[in-house]
Amino acid sequence: MKQMIKPWRHVFKLDPDREIDDNALEAVCMSGTDAIMVGGSSGVTYDNTVDLLSRVRRYELPCVLEVSNLEMIVPGFDLYMIPMVMNTADTKWITGQHQQAVEEYGYMIPWDLLVPEGYIILNSDSTVARMTGAQTELDAAGAAAYAQVADKLMSLPVVYAEYSGTFGDMDTVKKIHQSVNTARLFYGGGIHDAETAAKAAAVCDTIVVGNAVYDNLKQALLTVKAVK
Ligand code: 1GP
(Lines give C-alpha, C1' and ligand atoms only; values in the text may rest on other atoms or scores of the structure.)
Protein backbone atom coordinates (compact mmCIF):
# COMPACT_ATOMS: atom_id res chain seq x y z
CA MET A 1 0.00 0.00 0.00
CA LYS A 2 2.76 2.43 0.94
CA GLN A 3 4.22 1.92 -2.53
CA MET A 4 1.27 4.03 -3.59
CA ILE A 5 3.13 7.26 -2.81
CA LYS A 6 6.21 6.42 -4.87
CA PRO A 7 5.05 7.75 -8.24
CA TRP A 8 3.41 10.87 -6.85
CA ARG A 9 4.73 14.10 -8.31
CA HIS A 10 1.78 16.30 -7.45
CA VAL A 11 -0.71 16.39 -4.59
CA PHE A 12 -3.51 18.80 -3.77
CA LYS A 13 -4.01 19.33 -0.05
CA LEU A 14 -7.60 20.16 0.88
CA ASP A 15 -8.60 21.62 4.22
CA PRO A 16 -11.85 20.24 5.69
CA ASP A 17 -12.31 23.56 7.50
CA ARG A 18 -12.54 25.51 4.23
CA GLU A 19 -15.42 25.65 1.76
CA ILE A 20 -15.01 24.17 -1.69
CA ASP A 21 -18.01 23.91 -4.02
CA ASP A 22 -18.77 20.86 -6.15
CA ASN A 23 -17.50 22.38 -9.38
CA ALA A 24 -14.18 23.37 -7.85
CA LEU A 25 -13.80 19.97 -6.22
CA GLU A 26 -14.50 18.25 -9.52
CA ALA A 27 -11.87 20.39 -11.26
CA VAL A 28 -9.31 19.53 -8.58
CA CYS A 29 -10.04 15.80 -8.61
CA MET A 30 -10.08 15.56 -12.42
CA SER A 31 -6.98 17.72 -12.85
CA GLY A 32 -4.54 14.85 -13.27
CA THR A 33 -3.07 15.29 -9.80
CA ASP A 34 -1.79 12.08 -8.24
CA ALA A 35 -3.69 12.29 -4.96
CA ILE A 36 -5.77 14.35 -2.60
CA MET A 37 -4.35 14.86 0.87
CA VAL A 38 -6.93 15.95 3.44
CA GLY A 39 -5.51 17.98 6.28
CA GLY A 40 -5.26 21.31 8.02
CA SER A 41 -3.74 22.90 11.07
CA SER A 42 -6.89 24.10 12.79
CA GLY A 43 -10.64 23.62 12.83
CA VAL A 44 -10.46 20.08 11.49
CA THR A 45 -13.11 17.81 13.02
CA TYR A 46 -14.51 14.33 12.50
CA ASP A 47 -17.59 15.76 10.79
CA ASN A 48 -15.89 18.06 8.30
CA THR A 49 -13.32 15.34 7.52
CA VAL A 50 -16.00 12.69 6.82
CA ASP A 51 -17.83 15.16 4.66
CA LEU A 52 -14.78 15.97 2.52
CA LEU A 53 -13.76 12.30 2.22
CA SER A 54 -17.18 11.29 0.98
CA ARG A 55 -17.16 14.06 -1.62
CA VAL A 56 -13.66 13.18 -2.87
CA ARG A 57 -14.66 9.51 -3.07
CA ARG A 58 -16.85 10.29 -6.08
CA TYR A 59 -13.60 10.37 -8.03
CA GLU A 60 -11.10 7.62 -8.62
CA LEU A 61 -7.89 9.12 -7.32
CA PRO A 62 -6.25 8.17 -4.00
CA CYS A 63 -7.39 10.13 -0.97
CA VAL A 64 -5.15 10.20 2.10
CA LEU A 65 -5.54 11.82 5.49
CA GLU A 66 -2.78 13.82 7.13
CA VAL A 67 -3.50 13.37 10.80
CA SER A 68 -2.92 16.44 12.95
CA ASN A 69 -5.25 15.65 15.83
CA LEU A 70 -7.01 12.62 17.23
CA GLU A 71 -10.55 13.94 16.65
CA MET A 72 -10.13 14.00 12.88
CA ILE A 73 -9.33 10.31 12.44
CA VAL A 74 -11.91 8.89 10.07
CA PRO A 75 -11.84 5.34 8.67
CA GLY A 76 -11.87 4.80 4.93
CA PHE A 77 -8.88 6.78 3.69
CA ASP A 78 -6.34 5.03 1.45
CA LEU A 79 -3.41 6.03 3.68
CA TYR A 80 -2.82 7.96 6.90
CA MET A 81 0.11 10.35 6.82
CA ILE A 82 1.51 10.87 10.32
CA PRO A 83 3.63 13.99 10.82
CA MET A 84 6.52 13.85 13.28
CA VAL A 85 8.04 17.31 13.65
CA MET A 86 11.82 17.09 13.48
CA ASN A 87 12.59 20.69 14.47
CA THR A 88 10.65 21.21 17.66
CA ALA A 89 11.62 20.79 21.28
CA ASP A 90 8.01 20.01 22.19
CA THR A 91 7.88 16.22 22.30
CA LYS A 92 4.10 16.29 21.96
CA TRP A 93 4.64 16.80 18.22
CA ILE A 94 7.39 14.19 17.85
CA THR A 95 6.09 11.16 19.73
CA GLY A 96 3.71 12.47 22.43
CA GLN A 97 0.36 12.53 20.64
CA HIS A 98 1.42 9.43 18.77
CA GLN A 99 1.99 7.56 22.02
CA GLN A 100 -1.41 8.67 23.30
CA ALA A 101 -3.12 7.57 20.10
CA VAL A 102 -1.52 4.14 20.23
CA GLU A 103 -2.40 3.70 23.89
CA GLU A 104 -6.02 4.62 23.31
CA TYR A 105 -6.67 3.19 19.85
CA GLY A 106 -3.78 0.78 19.23
CA TYR A 107 -6.06 -2.22 18.74
CA MET A 108 -7.82 -0.58 15.80
CA ILE A 109 -4.89 1.14 14.06
CA PRO A 110 -4.42 -0.11 10.48
CA TRP A 111 -0.61 -0.11 10.74
CA ASP A 112 -0.10 -1.04 7.09
CA LEU A 113 -1.79 2.17 6.02
CA LEU A 114 0.34 4.50 8.13
CA VAL A 115 3.05 6.61 6.51
CA PRO A 116 5.16 8.63 8.96
CA GLU A 117 6.47 11.95 7.69
CA GLY A 118 9.55 13.70 9.07
CA TYR A 119 8.26 17.27 9.06
CA ILE A 120 10.74 20.14 8.82
CA ILE A 121 8.79 23.35 9.37
CA LEU A 122 10.54 26.34 7.85
CA ASN A 123 8.08 29.25 7.76
CA SER A 124 8.07 30.91 11.20
CA ASP A 125 4.95 32.84 10.21
CA SER A 126 2.69 29.82 9.74
CA THR A 127 0.00 28.37 12.00
CA VAL A 128 1.79 25.03 12.05
CA ALA A 129 5.06 26.63 13.19
CA ARG A 130 3.34 28.52 16.00
CA MET A 131 1.32 25.51 17.07
CA THR A 132 4.26 23.12 17.22
CA GLY A 133 6.85 25.59 18.53
CA ALA A 134 9.04 24.75 15.55
CA GLN A 135 12.56 26.15 15.52
CA THR A 136 12.44 27.52 12.02
CA GLU A 137 15.67 29.54 12.02
CA LEU A 138 17.69 26.96 10.14
CA ASP A 139 20.14 27.39 7.32
CA ALA A 140 20.29 24.88 4.48
CA ALA A 141 22.83 22.68 6.25
CA GLY A 142 20.78 22.69 9.47
CA ALA A 143 17.60 21.74 7.64
CA ALA A 144 19.43 19.05 5.68
CA ALA A 145 20.78 17.60 8.91
CA TYR A 146 17.22 17.19 10.21
CA ALA A 147 16.32 15.54 6.92
CA GLN A 148 19.12 13.04 7.43
CA VAL A 149 17.98 12.29 10.96
CA ALA A 150 14.52 11.50 9.53
CA ASP A 151 15.82 9.51 6.58
CA LYS A 152 18.96 7.78 7.79
CA LEU A 153 18.46 7.42 11.53
CA MET A 154 14.71 7.04 11.78
CA SER A 155 14.09 5.46 8.34
CA LEU A 156 11.00 7.59 7.80
CA PRO A 157 9.64 7.03 4.28
CA VAL A 158 8.78 10.70 3.75
CA VAL A 159 10.59 13.93 4.57
CA TYR A 160 8.28 16.94 4.28
CA ALA A 161 9.80 20.41 3.81
CA GLU A 162 6.92 22.56 5.04
CA TYR A 163 6.83 26.26 4.16
CA SER A 164 3.03 26.43 4.47
CA GLY A 165 1.79 29.83 3.26
CA THR A 166 4.97 31.09 1.63
CA PHE A 167 7.20 29.99 -1.23
CA GLY A 168 10.34 28.63 0.35
CA ASP A 169 14.04 28.87 -0.25
CA MET A 170 14.68 26.46 -3.11
CA ASP A 171 18.40 26.21 -2.30
CA THR A 172 17.47 24.84 1.12
CA VAL A 173 15.00 22.40 -0.39
CA LYS A 174 17.60 21.30 -2.94
CA LYS A 175 20.11 20.70 -0.19
CA ILE A 176 17.56 18.64 1.73
CA HIS A 177 16.83 16.63 -1.40
CA GLN A 178 20.48 15.92 -2.02
CA SER A 179 20.97 14.77 1.54
CA VAL A 180 18.28 12.08 1.70
CA ASN A 181 18.84 8.56 0.40
CA THR A 182 15.64 6.62 0.68
CA ALA A 183 12.91 8.96 1.87
CA ARG A 184 10.71 10.75 -0.64
CA LEU A 185 10.90 14.49 -0.31
CA PHE A 186 7.57 16.30 -0.22
CA TYR A 187 7.65 20.07 -0.56
CA GLY A 188 4.72 22.33 0.32
CA GLY A 189 4.34 26.08 0.63
CA GLY A 190 3.29 28.95 -1.61
CA ILE A 191 3.03 27.04 -4.90
CA HIS A 192 0.40 29.05 -6.74
CA ASP A 193 1.09 28.81 -10.46
CA ALA A 194 2.93 26.81 -13.11
CA GLU A 195 6.19 28.64 -12.53
CA THR A 196 6.42 28.08 -8.78
CA ALA A 197 5.29 24.47 -9.31
CA ALA A 198 8.09 23.81 -11.79
CA LYS A 199 10.71 25.45 -9.57
CA ALA A 200 9.71 23.39 -6.55
CA ALA A 201 9.32 20.18 -8.55
CA ALA A 202 12.92 20.56 -9.74
CA VAL A 203 14.23 20.18 -6.18
CA CYS A 204 11.90 17.61 -4.58
CA ASP A 205 10.02 14.41 -5.39
CA THR A 206 6.45 15.51 -4.72
CA ILE A 207 4.92 18.97 -4.60
CA VAL A 208 1.92 19.76 -2.41
CA VAL A 209 -0.43 22.58 -3.39
CA GLY A 210 -2.81 23.84 -0.72
CA ASN A 211 -3.94 27.46 -0.37
CA ALA A 212 -3.86 28.17 -4.09
CA VAL A 213 -6.91 25.93 -4.58
CA TYR A 214 -8.91 28.38 -2.49
CA ASP A 215 -7.18 31.60 -3.58
CA ASN A 216 -6.97 31.16 -7.35
CA LEU A 217 -8.21 27.81 -8.60
CA LYS A 218 -7.45 28.49 -12.26
CA GLN A 219 -3.77 29.08 -11.54
CA ALA A 220 -3.70 26.19 -9.06
CA LEU A 221 -4.87 23.77 -11.73
CA LEU A 222 -1.96 24.81 -13.96
CA THR A 223 0.47 23.47 -11.35
CA VAL A 224 -0.42 19.91 -12.37
CA LYS A 225 0.67 20.17 -15.99
CA ALA A 226 3.78 22.07 -14.97
CA VAL A 227 5.24 19.01 -13.23
CA LYS A 228 3.99 16.18 -15.43
C1 1GP B 1 0.45 23.05 3.66
O2 1GP B 1 2.41 22.27 2.54
C3 1GP B 1 1.07 22.58 2.37
O4 1GP B 1 0.55 22.05 4.62
C5 1GP B 1 0.82 23.49 1.22
O6 1GP B 1 1.17 24.83 1.51
O7 1GP B 1 -1.01 26.00 1.47
O8 1GP B 1 1.11 27.26 1.07
O9 1GP B 1 0.21 25.68 -0.65
P10 1GP B 1 0.32 26.01 0.83
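Residues numbered from 1 in each chain as written. Predicted model: local features only at pLDDT ≥ 70, side-chain atom pairs only at ≥ 80, totals over all residues. Heavy atoms only, no water.

### Points about the packing of aromatic side chains
Inference 1: Tallying each qualifying case throughout the model produces five aromatic pairs.
Inference 2: Measuring from ring centre to ring centre gives 5.9 Å for Y163 and Y187, while their planes differ by 40°; the resulting arrangement is tilted. Here the residue Y163 occupies a position in the loop between β6 (158-162) and α6 (170-179), and Y187 occupies one in strand β7 (residues 184-188), the gap between them amounting to 24 residues.
Inference 3: Classification of Y163 by relative accessible area gives buried; the value is 8%.
Inference 4: Measuring from ring centre to ring centre gives 6.1 Å for F167 and Y187, while their planes differ by 75°; the resulting arrangement is edge-to-face. Highlighted residues: F167 in the loop between β6 and α6 and Y187 in strand β7, separated in sequence by 20 residues.
Inference 5: The exposure class assigned to Y187 is buried, which follows from its relative accessible area of 0%.
Inference 6: These aromatic residues form a ring-pair network of at least three members: Y119, Y160 and F186. (Phe/Tyr/Trp six-rings, centres within 6.5 Å; stacked < 30°, edge-to-face > 60°. Helix = DSSP H or I, 4+ residues; strand = E, 2+ residues; numbered from the N terminus. Buried < 20%, exposed > 50% of the residue type's maximum accessible area, 1.4 Å probe, protein only.)

### Thoughts on the pattern of salt bridges
Inference 1: Following the criterion strictly, the structure yields nine salt bridges and no others.
Inference 2: Residues R58 and D22 are paired through a salt bridge, measuring 3.7 Å at the closest nitrogen-oxygen approach. Taken together, the residues span a long stretch of sequence, with R58 in the loop between α2 (46-56) and β3 (63-66) and D22 in helix α1 (residues 22-29) at a distance of 36 residues.
Inference 3: Residue K199 pairs with E195 through a salt bridge whose shortest N-O separation is 3.4 Å. Remark: E195 and K199 occur in helix α7 (residues 194-201); sequence separation between them is four residues, near one turn of the helix.
Inference 4: Here K199 falls in the partly exposed class, since its relative accessible area comes to 45%.
Inference 5: With relative accessibility at 53%, the residue E195 sits in the exposed group.
Inference 6: When salt bridges with common partners are traced through the structure, they connect K13, E66 and E162 into a single cluster. (Salt bridge = Lys/Arg side-chain N within 4 Å of Asp/Glu carboxyl O.)

Purely geometric numbers; function is a separate question.
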